[in-house]
Amino acid sequence: MNLVLLFPILIPFATAVACLLAWKQRHVQRVLSITGAVLLQASGFLLLVSVWQSGIRAVQMGNWPAPFGITLVSDLFSAIMIVMAGLTGVTVLVYSLADMDTGRESFGYHPLMHILLMGVCGAFITGDVFNLYVWFEVMLIASFVLLGLGGEKAQLEGTVKYVTLNLMSSALFLAAVGIMYGAVGTLNMADLARHMGTVKQPGLVTTLATLFLLAFGIKAAIFPLFFWLPASYPTPPAPIAAIFAGLLTKVGIYALIRVFTLLFVQDLEYTHALLLVLAGLTMISGILGALVQNELRRILSFVLVSHIGFMIMGLGIFTHLAITASVFYIVHDVIVKTGLFLVGGVVRAERGTYEMSSLGGLYSSNPWLSALFLLPALSVGGIPPLSGFWGKLVLVKAGMETGQYLIVATALIVALLSLLVMMKMWADAFWRDSPGSAAGGSVVSANPVSFESRLVLFCPIGVLGLLTLAAGIFAEPVLTVCSRAADQLLNTEEYIRAVLGGIP
Amino acid sequence: MEVVMSFVIGGLYASGLYLMMRRNILKLVLGIALLSHAANLLIFTMGRLTRGHPPLIPPGEVRVLESIADPLPEALILTAIVIGFGVQAFAIVLIRRCFETLGTDDLDEMRSTDRAP
């Protein structure tokens, strides 16, 4: 049954509409919103199982045969990404039950979140380049509003930067789509993959590849294009920042991996070598940025940028093992970055600030929170047996096998520096005494968090923490799934056959 | 005709980027609008410019007889224009709110989120 491909788009859409209908009833919206997210997660698993059992699934919208209609297609990679989208949706929405102000909730927080999820899932599942653009815009407009919702001073400043750079990226993407249509004469990705090799001007294909790299690179926040991210992600409330950090940049990476495995594989010496250089520079510049910041969420934002380099690194090496590692790393990064940003939100709820200089003593006052921070933090640093260790190990192995020692060395140094940054954070915010207690006064929460809401706050973070532990302890099955996904990404015939059927 | 169009598109890109690099926030939005117009015209031109041959099947025939204008780029542009319209409407509201809240229209004074406090 091919309906399973439509669920990830239909469920968030229906939820958003239902939430809009219940505009005035905040509690109804909450119930609807959580139900929708859980259903989305379930449909993601359904899709994953279905793709695992019967290979790549495709459905032609309106029964127009490909390449004339719009195709929805899901390989294992898309299915994994949809599961991750569902997971982020559920955890963030549960968390926001306890940490979201009523103002934002009554002005459409829940419907916007689901429209965002719809855009993200649509981008993961579409098989048409122009349709991908449309889903990007759906996702963007929802994220614009979410980022600006509340209208605080810093938020508006961040939104201006975010909107400008993302609209520029959209304009580049659109131009690339236009040139591609002029050069190849089709926009269906499978059809493009068939005909891309026959384009008479190879220079034009490389130009297109660079345009796509720019457009998706802005969205994924890779090296020279990432400055909007630390300027905007730290401004909204924690749940919104968490879903942005966990999910939105991964959409850019998904798009990069999709086009650079399916479409632009003619000129590997140029495109993939460029990707590798950018990956290294992203890692270094991100982590150096993180080292000099003193605000919790800005540190996390720079660490986020730095680790995007790891995912691009796998794509740049471009072997089966490397793509496996990239897919695994995306899974790992979604889990830990969402978790860390949510922990940041709890710290803010407990202490009323994100400034490292005024934090401290959290370990003695909130030991459980410290444990919940430590799991994803060590995972970011790559400590076994957490998932971050395996992601880095497989990437390094793939790099060694192809003799890319420079990028391997960079990755290892950056992993070490990540650990340093996370441990500095641990020492400053959790381990050392509170700056206030030296003067004799005991630590007083700005606004004490009740036990019930603390439970609601900790549950999703705990789930994410356990997931990074589980993905590390049971790395074998996860890596097997990622390896199958890499198979499908690299053997494009299966994808083309699933979309175009028997067309020669 | 293609040559004229390429100069028009190039001019639109140039002026769009120029406006985006100005300090005034209103010019920023105008720049974004020009960029999206340039992209739309680029798609239009890339679909080949064909004069006087609409993509219509004459009465009594089952298929088109001569080379026709490609309708697909027009469909793409239509979609892109609608999306661009929505996004630009949002951007205009955003800069208005920005001006009200921050009390300035100078982008150089909106740097508090860029640097470490």
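Not measured: the values here are computed from a predicted model.

(A) Focus on the overall build of chain A. The helix and strand tally for chain A stands at 21 helices and two strands. Computed over the C-alpha atoms, the radius of gyration of chain A is 22 Å, within 12% of the 23 Å expected from 2.2 N^0.38 for a compact globule of 504 residues. Taking the principal axes of its C-alpha atoms as reference, chain A extends roughly 80 × 55 × 40 Å. Looking at chain A as a whole, 64% of its 504 residues qualify as buried. Expressed as a percentage of contacts within chain A between residues at least 6 apart in sequence, the contacts between residues at least 24 apart total 80%. When the accessible surface of chain A is split by element, carbon and sulfur atoms take 70% of a total near 16700 Å². Taking the average location of the 24 positive side-chain charges in chain A and that of its 23 negative ones, the two points are 4 Å from each other.

(B) Region of interest: a nonpolar patch on the surface. Together, Phe13, Val17 and Leu21 of chain A make up a nonpolar patch on the protein surface, roughly 310 Å² of accessible area in all. By the secondary structure assignment, Leu21 of chain A is in helix α1 (residues 7-21).

(C) Representation of the pattern of salt bridges in the model. Tallying each qualifying case throughout the model produces 14 salt bridges over all chains. The salt bridge partner of Lys161 of chain A is Glu157 of chain A, with a shortest N-O separation of 3.9 Å. Taken as a pair, Lys161 of chain A and Glu157 of chain A lie in helix α7 (residues 153-184) at a separation of four residues, close to a single helical turn. The class for Glu157 of chain A is buried, based on a relative accessible area of 2%. Of the charged contacts, one joins Arg96 of chain B and Glu100 of chain B as a salt bridge, the two residues approaching to 2.8 Å between their closest N and O atoms. Linking Arg96 of chain B with Glu100 of chain B, this pair stays in helix α3 (residues 71-102), spanning four residues, or about one helical turn. Look at Arg96 of chain B and you get exposed, because its relative accessible area is 56%. Through salt bridges with shared partners, one network takes in Arg26, Arg30 and Glu105 of chain A.

(D) Quick peek at the environment of Glu105 of chain A. Residue and element names in this part refer to chain A. The residue Glu105 is located in helix α4 (residues 102-106) in this model. With a relative accessible area of 1%, Glu105 lands in the buried category. Residues Glu105 and Lys24, spaced 81 residues apart in sequence, show a C-alpha to C-alpha distance of 10 Å. The contacts of Glu105, once residues within four sequence positions are left out, are Arg26, Gln29, Arg30, Met100 and His110. Here the side chain of Glu105 touches Arg30 through a polar contact of 2.9 Å, side chain to side chain.

(E) Molecular detail of the confidence of the model for chain B. Residues and elements named next belong to chain B. In this model, chain B carries an average pLDDT of 88, and 97% of its residues clear a pLDDT of 70 or more. Model confidence for chain B, summarised as mean pLDDT per element, is weakest for α3 at 91 and strongest for helix α1 (residues 2-20) at 94. Complex prediction metrics read pTM 0.93 and ipTM 0.92.

(F) Region of the structure containing the interface of chain B and chain A. Taken residue by residue, the interface counts 37 residues in chain B and 36 residues in chain A. Of the roughly 3100 Å² buried between chain B and chain A, counting both surfaces, carbon and sulfur atoms make up 76%. Taken as a group, Met46, Phe90 and Thr113 of chain B account for 18% of the area that chain B buries against chain A, more than any other trio of residues on that side. Remark: the boundary between chain B and chain A carries zero salt bridges. Counting residues per element, the ones that place at least two in the side of chain B that touches chain A are α1, α2 (25-46) and α3 of chain B.

(G) Geometry of helix α11 (residues 238-262) of chain A. Residue and element names in this part refer to chain A. Taking 1.5 Å per residue, 25 residues should reach 36 Å; α11 reaches 36 Å between its end C-alpha atoms and fits that length. Of all the bends in α11, the largest measures some 35° and sits at Ala245. The buried fraction of α11 is high, at 25 of 25 residues.

(H) Region of interest: the nonpolar core. By size, the foremost hydrophobic cluster in this structure holds 215 residues, and its most contacted members are Phe173, Met180, Phe264 and Met422 of chain A. Setting aside residues up to four positions removed in sequence, Met422 of chain A forms contacts with Leu300, Val303, Leu340, Phe373, Ala377 and Val380 of chain A.

(I) Seen up close, the side chain of Asn131 of chain A. With respect to the helices and strands, the residue Asn131 of chain A is situated in helix α6 (residues 129-148). Among residues more than four places away in sequence, those in contact with Asn131 of chain A are Ile70 and Thr126 of chain A.

(J) How the structure looks around helix α14 (residues 320-351) of chain A. Residues and elements named next belong to chain A. Taking 1.5 Å as the rise per residue, α14 with 32 residues should run 46 Å; its terminal C-alpha atoms sit 46 Å apart, in good agreement. Of all 32 residues that make up α14, 29 are buried, and the element is covered over most of its length. In the segment just after α14, Gly352 is the residue with positive phi, at about 75°.

(K) The environment of Ala255 of chain A, seen in detail. Residue and element names in this part refer to chain A. Note that Ala255 resides in helix α11. Once the C-alpha coordinates of Ala255 and Trp52 are considered, the two residues, 203 residues apart in sequence, prove to be 21 Å apart. If sequence neighbours within four positions are ignored, Ala255 has contacts with Phe136 and Phe216.

(L) Just the packing of helix α3 (residues 76-98) of chain A against helix α20 (residues 475-490) of chain A, in detail. All names here are of chain A. At their nearest, the axes of α3 and α20 sit 8 Å apart, and the two run at 135° to each other. By the angle between their axes, α3 is oblique relative to α20. Of α20, the residues touching α3 (which contributes Leu76, Phe77 and Ile80) are Val481, Arg484, Ala485, Gln488 and Leu489. Within the contact of α3 with α20, the residues separate by chemical class into six nonpolar, one polar and one charged.

(M) Broad picture of empty space enclosed by the protein. A complete count under the given rule lists four cavities of 30 Å³ or more for this structure. What lines the largest cavity is a set of 13 residues, and nearest its centre among them are Tyr133, Leu167 and Ser170 of chain A together with Ser36 and Gly84 of chain B. When contributions to the lining of the largest cavity are tallied by element, the ones reaching two or more residues are α6 and α7 of chain A together with α2 and α3 of chain B. Partitioned by chemical class, the residues of the lining of the largest cavity number eight nonpolar, four polar and one charged.

(N) Focus on unusual backbone geometry. All names here are of chain A. In the segment running from Pro384 into Pro385, the intervening peptide bond is cis, with an omega of 5°. Assignment of secondary structure puts Pro385 in the loop between α16 (367-381) and α17 (387-401). Its identity as a non-glycine residue notwithstanding, Asn63 has a phi of 60°, on the positive side. Within the secondary structure, Asn63 sits in the loop between β1 (57-60) and β2 (71-74).

(O) Spatial organisation of the side chain of Thr91 of chain A. All names here are of chain A. Mapped onto the secondary structure, Thr91 falls in helix α3. Judged by its relative accessible area of 5%, Thr91 falls in the buried class. A distance of 3.1 Å separates a polar atom in the side chain of Thr91 from the backbone oxygen of Thr88. Once residues within four sequence positions are removed from consideration, Thr91 is found in contact with Thr338, Pro460 and Leu464.

Quick notes on the rules
- Residues numbered from 1 in each chain as written.
- Chains lettered and ligands numbered in written order.
- Predicted model: local features only at pLDDT ≥ 70, side-chain atom pairs only at ≥ 80, totals over all residues.
- Heavy atoms only, no water.
- Helix = DSSP H or I, 4+ residues; strand = E, 2+ residues; numbered from the N terminus.
- Rg over C-alpha atoms; globule rule 2.2 N^0.38 Å.
- Buried < 20%, exposed > 50% of the residue type's maximum accessible area, 1.4 Å probe, protein only.
- Contact = heavy atoms within 4.5 Å.
- Areas by Shrake-Rupley, 256 points an atom, 1.4 Å probe, with all protein chains shown as cover.
- Lys, Arg positive; Asp, Glu negative; His and termini not counted.
- Charge placed at Lys NZ, Arg CZ, Asp CG, Glu CD.
- Patch = residues over 30% accessible without salt bridge, like charges linked within 9 Å, V, L, I, M, F, W, Y side chains within 5 Å.
- Salt bridge = Lys/Arg side-chain N within 4 Å of Asp/Glu carboxyl O.
- Polar contact = N/O pair within 3.5 Å; in protein donor to acceptor, adjacent residues only side chain to side chain.
- pLDDT = per-residue confidence, 0-100.
- Buried area = accessible area lost by both parts, 1.4 Å probe.
- Expected span 1.5 Å × (residues − 1).
- Bend = angle between axes of the 7 residues up to and from the residue.
- Core = buried A, V, L, I, M, F, W, Y, C linked by side-chain atoms within 4.5 Å.
- Axes fitted to C-alpha atoms, helices over the stretch in contact; angles between N-to-C directions.
- Parallel < 35°, antiparallel > 145°, perpendicular 65-115°, else oblique.
- Nonpolar A, V, L, I, M, F, W, Y, C, P; charged D, E, K, R; others polar.
- 1 Å grid on protein atoms, 1.4 Å probe; cavity = no way out; pocket = protein on both sides within 12 Å on 5 of 7 lines; lining within 4 Å.
- Points joined across faces, edges and corners; volume = space filled by probe spheres on them.

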